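Here is what each chain is made of, one letter per residue.
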Amino acid sequence: MAFLPMVGAQEHHWLDIGWLDVPVDSAAKPPEDDANRQAGEKIYLLKCYFCHGDRGDGEGRSEVYRMDPRPRNFMPGKFKFKTVSGDEPPLDEDLYRTVTRGVVGTAMPFWSIPGEPADWANYRYLLSPQERWQVIYFIKTFSAQFKSGLRVKIEKLKKELEKAKSGSKEAKDLKSALKVAEKKLADYDEARKNNPPISIGTGPEVTPGLIEAGRKLFAEEGAGCAKCHGVEGRGDGMERKNDDWGFPMVAANLTRAVNFKGGNGMREVYRTITTGLNGTPMPSTLGMFSKDAAEDEQKRWAIAAYVHHLSETSHPKVDRAKTVLKARRVEGTLPADPKDGLWAQADLMDVPMTGQVMVEPRQWWPRVNVITVRALYNGDQVAFHLAWDDRTRSLGKLAEGQKMPEGISQVYPDAVHVQFPARLPDGPEKPHFFLGEPGKPVNLWHYQADWEGESSRRSPVEEQTSSGSRRLPASHPAESQQVNGRGVFSNGQWQVVMVRSLVTEDVQKDIQFVRGRLIPVSFAVWEGDSGDHGNQASISSWYYLVLETETPPTVYLWTVLAVLFTGVLEFWLVKKARSARPPREQASS
């Protein structure tokens, strides 16, 4: 399949280049005629139908039900990335940018790479500029929102009218539909002139004042931003709804720039705010803030500046390649409160999460993309701080007046676990990173939201042992439960702390923490209101924890003394060797 090489190519070459910055090769644009549409059809049936379907309805053969978001259904003519506002169809140039860049974070691949290589013979799994234009011409025939699609619809109506019985209700309906389509075709060019693309410059200078103005507008009821995206922008303000294609959707988490599929620069945010995202509840805000065009534009730029600032500052900057978390030693009691200021002094690591797809029931698309982990320890205990974004706090049952989320048959409690090998491995070999394996058990510290404050439990965290995913983890006896914890949910984010002694008496089931050793650790998160439960979870592979050890001052002292001793010894040996040589030999020296 021509599609398959692209799956492995999703590095993604265009990750740091916004949609607006994709160069449009107008010089390679051929005439939009039948010959080029037919060439585009051949390309589509070779490269695109596998996901988008041979009718352009988004029902391809690649098990599209597993994809989130689903492949675009071209028939309604609704597209999210464009430079025209409202329900207007995109320009050819808009479609060219999307085909070229792909959609980062989805199954839609890029069909070119930055720099446009001159020798396309070496890049046949991609599409040349001319081929991209041709496939765009064919895609436009799927929808009556485009002129070519209107012509296809008119021809189809005429053929159906010829077959319909004269004077019948069917014939009257077809004549009416044909009249509307022909009128729309006649007025098409004029209608497009009346809705020109928006102009997007470089934008104003970003100042603290501009960001503050955007923050106030974001929170105002009239703008409605916080109503859907939440007070802190994590997408927790809106209940799950279906989009215009009938699939469940949620408001974007604006604190994670990776969620901005069209690019995360301020200009891209401004474009989205201005044009809206067609097919979703995100509206065009053109003219929403003021009747004065200049003032209206200024306010949209202010919101864009604030949202961009939010995505840049809401999460600490962490090296994405980091695989070892250092637990710093502190004196005194470890913080049990997730909001304690001492956690700000801890080393942290962002752990990427993926869907559990190895055993049934699988989770094809992770509901949680990243979990931020911190760790501290003292002479007796070790503590972990886990934080991840979640739009709703789920306790496994609907609150009074709450509706069941779209596309979900049952809700479950939010949960998280930290996983260690039950016994610290001597070499590189570790248990399986998802719930261990027979003969190589893992020690789990499992927090569950509905256990918080439950009187029958000493802690909302339970210690468990697992020897593989084919059976449920076994809870430790009550007398062996030693992990304490606490979870706090606020404004679309969970923060959970877990604390345990460094060493325990149960050396067979409990991980024993040894200073200076690399200790394997992994994580799993369940977003209950999305249906996560059991094996359906967002999981990580193995990472490492190390309890930092301070180097005593005597180590440095002995090093200095050793260097001095070596220098003195060497000087003495040289002097002795010279004094032992004959006088003539010394003179020649």
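Up top you'll find the structure we're talking about.
One structure accompanies this document, and this report is about it.

### Quick word on the nonpolar core
Residues Ile371, Phe384, Leu386, Trp445, Met498, Phe513 and Leu545 are the most contacted members of the largest nonpolar core, which totals 36 residues. Ignoring any residue separated from it by four or fewer positions in sequence, one finds Ile371 in contact with Met349, Asp350, Val351, Met353, Leu386, Ala387, Trp388, Val416, Phe523 and Val525.

### Quick look at the packing of helix H11 (residues 266-275) against helix H12 (residues 293-313)
At a closest axis distance of 8 Å, the pairing of H11 and H12 adopts a crossing angle of 125 degrees. Considering their axes alone, H11 and H12 lie oblique with respect to each other. Of the two possible hands of crossing, H11 and H12 adopt the one that is right-handed. Across the interface between the two elements, Met266, Arg267, Val269, Tyr270, Ile273 and Thr274 of H11 pack against Glu297, Arg300, Trp301, Ile303, Ala304, Ala305, Val307 and His308 of H12. Across the contact of H11 with H12, the residue classes break down as nine nonpolar, two polar and three charged.

### Here we look at the environment of Asp34
Position of Asp34 relative to the elements: it lies in helix H2 (residues 34-47). For the pair formed by Asp34 and Leu174, sequence separation is 140 residues and the distance between their alpha carbons is 26 Å.

### Describing the pairing of strand E10 (residues 461-466)
Burial within E10 is extensive, with six of its six residues counted as buried. Burial along E10 is two-sided: the face carrying Val461, Glu463 and Thr465 and the face carrying Glu462, Gln464 and Ser466 are both buried. With six bridges joining them, strand E9 (residues 442-448) and E10 adopt antiparallel strand pairing. Within E10, the position partnered with Leu444 by the bridge is Gln464. One ladder, built from two bridges, connects E10 with strand E11 (residues 474-475); its direction is antiparallel. Counted as the bridge partner of Thr465 is Ala474 from E11.

### Digging into the environment of Leu254
Topologically, Leu254 is positioned in the loop between strand E2 (248-249) and H11. Separated by 198 residues in the primary sequence, Leu254 and Gly56 place their C-alpha atoms 31 Å from one another. For Leu254, the residues in contact, after removing those within four places along its chain, are Phe218, His229, Gly233, Phe260, Val307, Leu310 and Ser311.

### What about the pattern of salt bridges?
Applying the stated criterion across every chain, the model contains 34 salt bridges. The salt bridge partner of Glu131 is Arg124, with a shortest N-O separation of 3.0 Å. Take Arg124: its relative accessible area is 46%, and that puts it in the partly exposed class. Here Lys317 ties to Glu312 by a salt bridge, and the two come within 3.7 Å at their closest N and O atoms. A relative accessible area of 64% means that Lys317 is categorised as exposed. Taken together, the shared-partner salt bridges in this structure form one network comprising Lys29, Glu32, Asp34, Arg37, Asp92, Glu93 and Lys140.

### A look at the state of the cysteines
A full pass over the atoms with the stated rule returns zero disulfides. Free of any disulfide, Cys48 has its nearest neighbouring cysteine sulfur in Cys51, separated by 9.0 Å. The structure places no disulfide on Cys225, whose sulfur is separated from the nearest cysteine sulfur, that of Cys228, by 8.8 Å.

Criteria and thresholds
Residues numbered from 1 in each chain as written. Predicted model: local features only at pLDDT ≥ 70, side-chain atom pairs only at ≥ 80, totals over all residues. Heavy atoms only, no water. Core = buried A, V, L, I, M, F, W, Y, C linked by side-chain atoms within 4.5 Å. Buried < 20%, exposed > 50% of the residue type's maximum accessible area, 1.4 Å probe, protein only. Contact = heavy atoms within 4.5 Å. Axes fitted to C-alpha atoms, helices over the stretch in contact; angles between N-to-C directions. Helix = DSSP H or I, 4+ residues; strand = E, 2+ residues; numbered from the N terminus. Parallel < 35°, antiparallel > 145°, perpendicular 65-115°, else oblique. Left-handed = near helix turned anticlockwise from the far one by under 90°. Nonpolar A, V, L, I, M, F, W, Y, C, P; charged D, E, K, R; others polar. Pairing = 2+ DSSP bridges. Salt bridge = Lys/Arg side-chain N within 4 Å of Asp/Glu carboxyl O. Disulfide = S-S within 2.5 Å.

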